[in-house]
Amino acid sequence: MPALIILTLCYAALCAVSPLGTCRKCHGWGFRMKQNRRGRIKRGRDCRRCRGYGRRIRIGRHLYNVASRLHRAGTR
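Residues numbered from 1 in each chain as written. Predicted model: local features only at pLDDT ≥ 70, side-chain atom pairs only at ≥ 80, totals over all residues. Heavy atoms only, no water.

(A) Molecular detail of the layout of surface pockets. Reported here for the largest pocket is a volume of approximately 210 Å³. Taken together, K25, C26, H27, W29, F31, R32, M33, R45, D46, C47 and R48 make up the lining of the largest pocket. Of all the secondary-structure elements, those providing two or more residues to the lining of the largest pocket are β2 (31-35) and β3 (41-46). (1 Å grid on protein atoms, 1.4 Å probe; cavity = no way out; pocket = protein on both sides within 12 Å on 5 of 7 lines; lining within 4 Å. Points joined across faces, edges and corners; volume = space filled by probe spheres on them. Helix = DSSP H or I, 4+ residues; strand = E, 2+ residues; numbered from the N terminus.)

(B) Main features of the packing of helix α1 (residues 2-17) against helix α2 (residues 59-74). Contact geometry for α1 and α2: axes closest at 8 Å, N-to-C directions at 75°. Between α1 and α2, the angle falls in the class roughly perpendicular. Of α2, the residues touching α1 (which contributes Y11, C15 and A16) are I59, G60 and R61. (Axes fitted to C-alpha atoms, helices over the stretch in contact; angles between N-to-C directions. Parallel < 35°, antiparallel > 145°, perpendicular 65-115°, else oblique. Contact = heavy atoms within 4.5 Å.)

(C) Focus on the pairing of β2. Where β2 meets β3, 4 bridges bridge the pair, whose relative direction is antiparallel. Looking across to β3, one finds that K34 is bridged to K42. (Pairing = 2+ DSSP bridges.)

(D) Highlighting a nonpolar patch on the surface. Judged by side-chain polarity, M1, L4, I5, L7 and L9 come together as a nonpolar surface patch covering roughly 600 Å² of accessible area. Among the structural elements, I5 can be located in helix α1. The exposure class of I5 is partly exposed, given its relative accessible area of 48%. (Patch = residues over 30% accessible without salt bridge, like charges linked within 9 Å, V, L, I, M, F, W, Y side chains within 5 Å. Areas by Shrake-Rupley, 256 points an atom, 1.4 Å probe, with all protein chains shown as cover. Salt bridge = Lys/Arg side-chain N within 4 Å of Asp/Glu carboxyl O. Buried < 20%, exposed > 50% of the residue type's maximum accessible area, 1.4 Å probe, protein only.)

What follows is the structure in structure tokens.
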């Protein structure tokens, strides 16, 4: 049980320090790698999931943003 609490606190600290992680689809490149007919690797189209940035918002940070937005809207 204490290990789970420590793990949760470490993930919360990670989300506070670095709210963005690498995109899971393009692995942080921002685009898809393509091969031409000769087998050379070249840049493909922009990643649709991250829109070419190569970064995504972490789940914990997204939940924090939703909760803070809900709290802000409820206390007006």
